[in-house]
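Breakdown of the fold
Now for the letters of each chain:
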Amino acid sequence: MNCEECGKRPATLHLTKIVNGEKTEYHICEQCAHEKGDVFTGFHNFSINNLLSGLLKFDPMQKNGRETASNKTLQCETCGLTYAQFSKSGRFGCSDCYTFLGDRLDPLFRRIHGNTQHSGKVPERTGGKLKIRKELEQLKQALQSHVASEEFEKAAEMRDRIRALEQKMAQS
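Residues numbered from 1 in each chain as written. Predicted model: local features only at pLDDT ≥ 70, side-chain atom pairs only at ≥ 80, totals over all residues. Heavy atoms only, no water.

**Description of unusual backbone geometry**
- Within the chain, Glu 150 stands out as a residue other than glycine whose phi angle is a positive 60°.
- The topology assignment puts Glu 150 in the loop between helix 6 (128-148) and helix 7 (152-171). (Helix = DSSP H or I, 4+ residues; strand = E, 2+ residues; numbered from the N terminus.)

In structure tokens, the structure reads:
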């Protein structure tokens, strides 16, 4: 895609602005962005580390937006990486960092990914039993919620589907 301003160079800056529900997209080259000035300033210094660092500033353990003493002293015993250093770089220092900083990371992962546990995908051609097990897990959770909310007809349907899948697993 070429620059919308000069039409000569490839567009390297893609900016989407949404104001009052109205979406405007800009696709311009770096040189035109510098010439345009304050509308596009600051985007040439963008990095993934800065994005992660902004997300990592979310810390439910902080009080009134201030860093607590426990955040300053919280560090990995293996490499010495502190939580403050991790929040600036967005990178672990070693494989043990997750263990030592884990309490602070779970709320962050929940905020970014919506969950703290990765479930992944099951391959279509090789995941027969795995797919059935996963479906069984989901059905058992649904069964528990229907029983808890006293929806016994739906719970009976879940029970029957679980039995059918368990028989299918036993046959294969």
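**Things to note about the UniProt feature "domain: UVR" (unreviewed entry) in the protein chain**
- UniProt feature "domain: UVR" (unreviewed entry): in the numbering of this structure it lies at residues 133-168.
- Segment residues 133-168 splits into 92% helix and 0% strand. End C-alpha atoms: 11 Å apart. (UniProt positions renumbered as here; feature names shortened; annotations may be inferred.)

**Brief notes about helix 5 (residues 97-113)**
- Taking 1.5 Å of rise per residue, the 17 residues of helix 5 would be expected to cover 24 Å, yet its terminal C-alpha atoms sit only 20 Å apart, more than 12% below that figure.
- In helix 5, a bend of some 70° at Asp 103 exceeds every other bend along the element, and Pro 107, a proline, comes one to four places later.
- Listed as buried for helix 5 are Cys 97, Leu 101, Gly 102, Arg 104, Leu 105, Pro 107 and Leu 108.
- Looking one or two residues beyond helix 5, the residue adopting positive phi is Gly 114, at roughly 85°. (Expected span 1.5 Å × (residues − 1). Bend = angle between axes of the 7 residues up to and from the residue. Buried < 20%, exposed > 50% of the residue type's maximum accessible area, 1.4 Å probe, protein only.)

**A short note on the nonpolar core**
- With nine residues, the main nonpolar core is built from Ile 132, Leu 136, Leu 139, Leu 143, Ala 155, Met 158, Ile 162, Leu 165 and Met 169.
- Elements that contribute at least two residues to this core include exactly helix 6 and helix 7.
- Looking at this core, the element that brings in the most residues is helix 7, giving five residues.
- Core analysis: the second largest hydrophobic core is formed by eight residues, Leu 81, Tyr 83, Phe 86 and Cys 97 among them. (Core = buried A, V, L, I, M, F, W, Y, C linked by side-chain atoms within 4.5 Å.)

**Remarks on the pattern of salt bridges**
- One pass over the structure, following the stated rule, counts three salt bridges.
- Between Lys 140 and Glu 166 there is a salt bridge, with its nearest N and O atoms 3.7 Å apart. Of this pair, Lys 140 sits in helix 6 while Glu 166 sits in helix 7, and the two are 26 residues apart along the sequence.
- We classify Glu 166 as partly exposed; its relative accessible area is 36%.
- Of the charged contacts in the structure, one is a salt bridge between Arg 159 and Asp 160, with a shortest N-O distance of 3.1 Å. (Salt bridge = Lys/Arg side-chain N within 4 Å of Asp/Glu carboxyl O.)

**Describing the pairing of strand 2 (residues 22-28)**
- In terms of strand pairing, strand 1 (residues 13-19) meets strand 2 through seven bridges, oriented antiparallel. Residue pairing for strand 2: His 14 is matched across the bridge by His 27.
- The turn linking strand 1 back onto strand 2 is made up of two residues, and Asn 20 within it adopts a positive phi angle of 50°. (Pairing = 2+ DSSP bridges.)

**Quick notes on helix 6**
- Across its 21 residues, helix 6 extends 30 Å between first and last C-alpha, which sits within 8% of the 30 Å expected from 1.5 Å per residue.
- Those residues of helix 6 that fall on the buried side of the exposure criterion are Ile 132, Leu 136, Leu 139, Leu 143 and His 146. Buried residues of helix 6, viewed axially, fall in a sector of 90°; they line one side. Exposed residues pointing more than 90 degrees away from the buried face of helix 6 are listed as Glu 137, Gln 138, Gln 141, Gln 144 and Ala 148.
- Residues of helix 6 that are buried in the fold lie against helix 7.
- After helix 6 finishes, the residue Glu 150 shows a positive phi value of roughly 60°. (Arc of directions from axis to C-beta. Contact = heavy atoms within 4.5 Å.)

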